[in-house]
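Residues per chain are reported as follows:
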Amino acid sequence: MTVSRGYRRGEPVALFVPCFVDVFNPEVARAVVTVLERVGVSVEYPPGQTCCGQPAYNAGYWPLAAAIAQRFEQVFHDYPWIVTPSGSCAAMARAGFAHIDPSSSAASIGARVYDFASFLTDVLGVGDVGARFPHRVTFHEGCHARRELRAVDASLKLLGAVRDLTLVDLPMAEECCGFGGSFSVSFDALSTSMGDAKCVNAMSTGAEFLVSGDPSCMLHIDGMLRERQAPLTTLHLAEVLAET
Amino acid sequence: MQRSLDHKHAAQTDVPWEALRSQAHALKADAIAHLDELLEQFERRFVERGGEVVWARTAAEAAEAFVGICRAHGASSVVKGKSMVSEELRLNEELAAAGIEPVETDLGEFIVQLAGDKPSHVIAPAAHLSRQDVGHLFTSKLGLEYTDDPRALSLAARAHLRARYLRAGVGMTGVNFAIAETGTFVVVENEGNGGLSAAAPPVHVAVMGIEKVIRRTADLNVFLQLLARSGTGQKITTYTHHFLGPEKGKRQYCIIVDAGRTALLADPETREALYCIRCGACMNVCPVYRRAGGAAYGSVYPGPIGAVVTPKMVDPAAAGVLPFASTLCGACKDECPVKIDLPLQLVRLRRASVSAGTSGRGLERRAMGAFVRAMTSVRAYERAVKWLRAAVAIGKRSPWKPGPLGAWMRGRALPAPARQTFREWWSMRP
Amino acid sequence: MVVDAAVNNDARSEIMSRIRAALRVPLKLDFDDVSAAESERAETVAATDPEALSARFVRELGLVGGDAVVVGERGVGALAKSVADHITRLGYQVIAVQCDEFASQAASQIPADKMIETSGASAEFLERADCAIIAAESLIADTGSAVVRVSNYQDRLLPYLPPACIIVGRSSQLVPSLNEGALGAGDLERGERVIVTGPSRTADIEKTVVLGAHGPGSLTVFVVSD
């Protein structure tokens, strides 16, 4: 990921917590705070934040999405660095805002938004956050992070530095898990078919944990794993890195 | 699937793949941006070489012209090389109605024609049939002793079709690239049926969409390095025909078809879809296409490119459905040899559909409105969170699972809202 | 003009005006430097020596199911002997030769009673042949391809009708990759230029590759040094 300049010690970093993480998986955001503070970053949480607007954008409701994007820009206006634990939300800010309206102020804030893994490796230049996680783990990269952010290498680098962690390759890793936002309910048969393949592949690794940088994928995959009562627990990358 | 993807990617390592893709995109962008000029130049040069150009505004007009050409030359049968455009024209039906026999010669198309079926894939039309299916089909329709050996079946098709080539009054091919500079055109294939369809009958009719024209023969170099590698993992197809104009005693026609392409052209947001070189790579890699199959798209063009072109080019009713049948994973964009940003095209089509009212049923529109309102202020957001917690609690206990809730719960557990949101936790932090 | 001229002109005008109207709204082009990309491509096509080109050609043709025969001795006489031996060894009885000087020279040592006259022949007559001999215009090392020019009715059927196909070429015709020569179209040329890469094939039944579809199941390219 191209970075305009390096991080200067002491600069505030704003945390963007997507709505669904705030409500369903706040432990993910808490883990992000833990890790960032451990590496010496001062984290701020602008309280006016709500959403990046991706659900509206993906569903074709662009005027509504534009309003949310505008609000996002206002809330994070003063921050040179904005970090989020959601790969898909980071991609929305970096690319989606500009597609809605290239000349808007929201379009230009996108360049300051980073997914958690890329922020650590590309901005802070940190590969080892001093974590220890003595378990067998497999990793799922969400499609937005994989293809729009090209963040796979960052995530794998960070996992590779975790002490006592055994990382097993996920078969067919590049195939979509099938969430796709409203696709998950509008085309639920296709969605669960794709999710099923992801679950089967994950379980075939014999891993105890399925780790991901995309909490939206995980809502869907976790829902399927629990329905199957699979012996596999989903975790966010930040939660693994928070362990010592 | 993984094996064929790996094989394809292996075939890409001996050429500067990314540079070629960028070049191809630029060449197509230039050609489409000058489409009128290049089509006129192509027509002039094609006619100078002794051919005749027919213009068709619609698929029906093109089919009518084709039938007219067959009648004028007294053709009672037509041998057909592979052409997606001929499916748009419903050419087989139109010919049959005119008492002229259409003979599919591409093995996959031949099989599909025998079965009275429709092609399910751009490159492999009979991909949906097993060897046993084909074996039984050949026994019942060709009187062949049953075999399911692909080699024996292919030889049987070859023998059966031989006489058809030599008797046909007209041979039809599609066009992969029409070159404005020279008034010539290129057709690629593996079986040899395209070459025979063009060479054996006294009349060769090439049918092409307006978007097939490129500027110079030198440009072919770029496209030919990409096309086979993207489509089938080969470096090049077995036969790359460069047709140079009819030799003495032969007639050559080119039917140039619009059939909705100018509609794609007219919208700058969908114009890029016209760069497509019909390689099939996007559908090969699409997890939705691979599960749903070609027939599910209800269109001549399936897969990601099909979802983009069908609403404007073929069927406006598809606008409310096809662009939404995707997770926007982007695998197609990564594979596309001419770098069409398919996911962006799809999401733009969704926007167009919502604003035109062809999608977004009442419930969805209201739900989206409610969602957005909840995101416009922290107070509204917090109210919505309270509502959500209550709704999930009820939903878990209630047997009634309306719409999206029911759809989610077919195969997935519901996520549980945490006792304390991050926002609440942060506000209590010392 | 077979199609109604007035209708055709109307169709043409309407399509053209739709195109012009559409293009009045320009598309912002991200890629304006085609030439830079082109020069990168040119660098990767390194000039290689004849031996390396020949070896590459043989290997690539083999990979697509064809055979290459590099004639040991120089000259067209050696080529003719090699071709005649090949035909005898494989038991071909009926040979059809392209109407071309080099092809005729390459076929000169085949017994006359095996040869059929292609000039003016009907397609059914040509169907009797079990092997065709065609002259190459150029040979492409990168892909194992032979480029042939066929401009009359009979010659245009030769690459496909017989179940076996022989293409004869010179080592001086070897080029590294697809180029202007392979892809060109002279103003006065008619018929077609075909880039032939291996025997015909299909994978339309369960994606199983079969060599020998509508064209030949066997393709042999002879390369001789001048």
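Note that this is a predicted model, so its numbers are computed, not measured.

A. Inspection of the overall build of chain C at higher detail. Counting its secondary structure elements, chain C contains eight helices and 12 strands. The globule rule puts the C-alpha radius of gyration for 226 residues at 17 Å, and the 22 Å found for chain C is more than 25% above it. Across the 226 residues in chain C, those meeting the buried criterion constitute 50%. Within chain C, residue pairs in contact and separated by at least 24 positions form 73% of the contacts whose partners lie at least 6 positions apart.

B. The arrangement of the packing of aromatic side chains in detail. Tallied over the full model, the rule gives 25 aromatic pairs over all chains. Centroid distance Trp81 of chain A to Tyr114 of chain A: 5.9 Å. Interplanar angle 45°. Geometry classified as tilted. Of this pair, Trp81 of chain A sits in strand 3 (residues 81-84) while Tyr114 of chain A sits in strand 4 (residues 113-115); the two residues are 33 residues apart in sequence, bridging distant segments of the chain. Each member of the pair, Trp81 of chain A together with Tyr114 of chain A, is buried. Both rings, one in Phe46 of chain B and one in Phe185 of chain B, keep their centres 6.2 Å apart while their planes meet at 45°; by these two values the pair is tilted. Here the residue Phe46 of chain B occupies a position in helix 3 (residues 35-48), and Phe185 of chain B occupies one in strand 6 (residues 184-189), the gap between them amounting to 139 residues. Of the two residues, Phe46 of chain B and Phe185 of chain B, both sit in the buried class. Within the aromatic cluster, the residues linked to one another by ring pairs are Tyr7, Trp81, Tyr114 and Phe119 of chain A. A cation over an aromatic ring shows up here: Arg94 of chain A above the ring of Tyr114 of chain A, its NZ or CZ 4.9 Å from the ring centre. Positioned over the ring face of Trp408 of chain B is Arg412 of chain B, at 4.3 Å from the centre of the ring.

C. Broad picture of the arrangement of the chains. Between chains B and C lies the most contact-rich interface of the two pairs of chains that touch. Nowhere do chain A and chain C come into contact; their C-alpha atoms are at least 12 Å apart.

D. How the structure looks around the sheet that holds strand 6 of chain B. The strand order across the open sheet built from eight strands is 8(B)-5(B)-6(B)-9(B)-9(C)-6(C)-5(C)-8(C), with neighbouring strands paired in mixed fashion. In this open sheet, the two edge strands, each paired with only one partner strand, are strand 8 (213-214) of chain B together with strand 8 (174-175) of chain C. As judged from the five bridges shared by strand 6 of chain B and strand 9 (residues 239-243) of chain B, these two strands associate in the antiparallel manner. Bridge pairing in strand 9 of chain B places Glu189 of chain B opposite Tyr239 of chain B.

E. Representation of the interface of chain C and chain B within the structure. In this complex, chain C contributes 79 residues to the contact, which on the side of chain B involves 99 residues. Taking both sides of the interface into account, the surface hidden between chain C and chain B amounts to around 7300 Å²; carbon and sulfur atoms contribute 60%. Counting every contact that joins chain C to chain B gives nine salt bridges. For the salt bridge of Glu60 of chain C with Lys235 of chain B, the shortest nitrogen-to-oxygen distance reads 2.8 Å. Summed over the shared surface of chain C and chain B, the result is 41 residue pairs in polar contact (both at pLDDT 80 or more). In terms of residue count, the dominant contributor to the side of chain C that touches chain B is helix 1 (residues 5-23) of chain C (13 residues). Its residues assigned to classes, the side of chain C that touches chain B comprises 37 nonpolar, 17 polar and 25 charged. Here strand 9 of chain B pairs with strand 9 (residues 192-196) of chain C via five bridges, running antiparallel. Bridging across to strand 9 of chain C, Tyr239 of chain B finds its partner in Val196 of chain C.

F. Quick peek at the domain arrangement of chain A. Residue and element names in this part refer to chain A. Structurally, chain A comprises domain 1 (13-123) and domain 2 (136-241). Measuring from the centre of the C-alpha atoms in domain 1 to the corresponding centre in domain 2 gives 21 Å. Counting residues at the interface gives 26 residues for domain 1, matched by 20 residues for domain 2. Taken over both partners, the interface formed by domain 1 and domain 2 buries close to 1700 Å², and the fraction arising from carbon and sulfur atoms is 71%. Here domain 1 is connected to domain 2 by zero salt bridges. Linking domain 1 with domain 2 are five residue pairs in polar contact (both at pLDDT 80 or more), by the criterion used here. Breaking the side of domain 1 that touches domain 2 down by element, the ones donating at least two residues are helix 1 (19-24), helix 2 (26-38), helix 5 (87-100) and helix 7 (116-123). Its residues assigned to classes, the side of domain 1 that touches domain 2 shows 15 nonpolar, seven polar and four charged.

G. Broad picture of the nonpolar core. Counting residues in hydrophobic clusters, the biggest one holds 227 residues, and the most contacted among them are Phe116, Phe119 and Leu120 of chain A together with Leu39, Phe66 and Ile255 of chain B. Considering every element that reaches this core, the biggest residue donor is helix 4 (residues 59-72) of chain B, with eight residues. Judged by nonpolar contacts, the second largest core, of 54 residues, contains Ala168 of chain B together with Ala96, Ala121 and Leu174 of chain C.

H. Structural detail: the pairing of strand 10 (residues 251-257) of chain B. Residue and element names in this part refer to chain B. The element strand 10 is extensively covered by neighbouring structure, given that six of its seven residues are classed as buried. Pairing geometry for strand 7 (residues 203-209) and strand 10, over seven bridges, is parallel. Across the sheet, the residue bridging to Gly209 is Val257, located in strand 10.

I. Local environment of the side chain of Asn8 of chain C. Along the chain, Asn8 of chain C falls in helix 1. Given a relative accessible area of 7%, Asn8 of chain C falls into the buried group. One polar contact links the side chain of Asn8 of chain C to the main-chain amide nitrogen of Trp55 of chain B, over a distance of 2.7 Å.

Cut-offs and rules
Residues numbered from 1 in each chain as written. Chains lettered and ligands numbered in written order. Predicted model: local features only at pLDDT ≥ 70, side-chain atom pairs only at ≥ 80, totals over all residues. Heavy atoms only, no water. Helix = DSSP H or I, 4+ residues; strand = E, 2+ residues; numbered from the N terminus. Rg over C-alpha atoms; globule rule 2.2 N^0.38 Å. Buried < 20%, exposed > 50% of the residue type's maximum accessible area, 1.4 Å probe, protein only. Contact = heavy atoms within 4.5 Å. Phe/Tyr/Trp six-rings, centres within 6.5 Å; stacked < 30°, edge-to-face > 60°. Lys NZ or Arg CZ within 6 Å of the ring centre and 35° of its normal. Pairing = 2+ DSSP bridges. Buried area = accessible area lost by both parts, 1.4 Å probe. Salt bridge = Lys/Arg side-chain N within 4 Å of Asp/Glu carboxyl O. Polar contact = N/O pair within 3.5 Å; in protein donor to acceptor, adjacent residues only side chain to side chain. Nonpolar A, V, L, I, M, F, W, Y, C, P; charged D, E, K, R; others polar. Domains from an automatic or database assignment. Core = buried A, V, L, I, M, F, W, Y, C linked by side-chain atoms within 4.5 Å.

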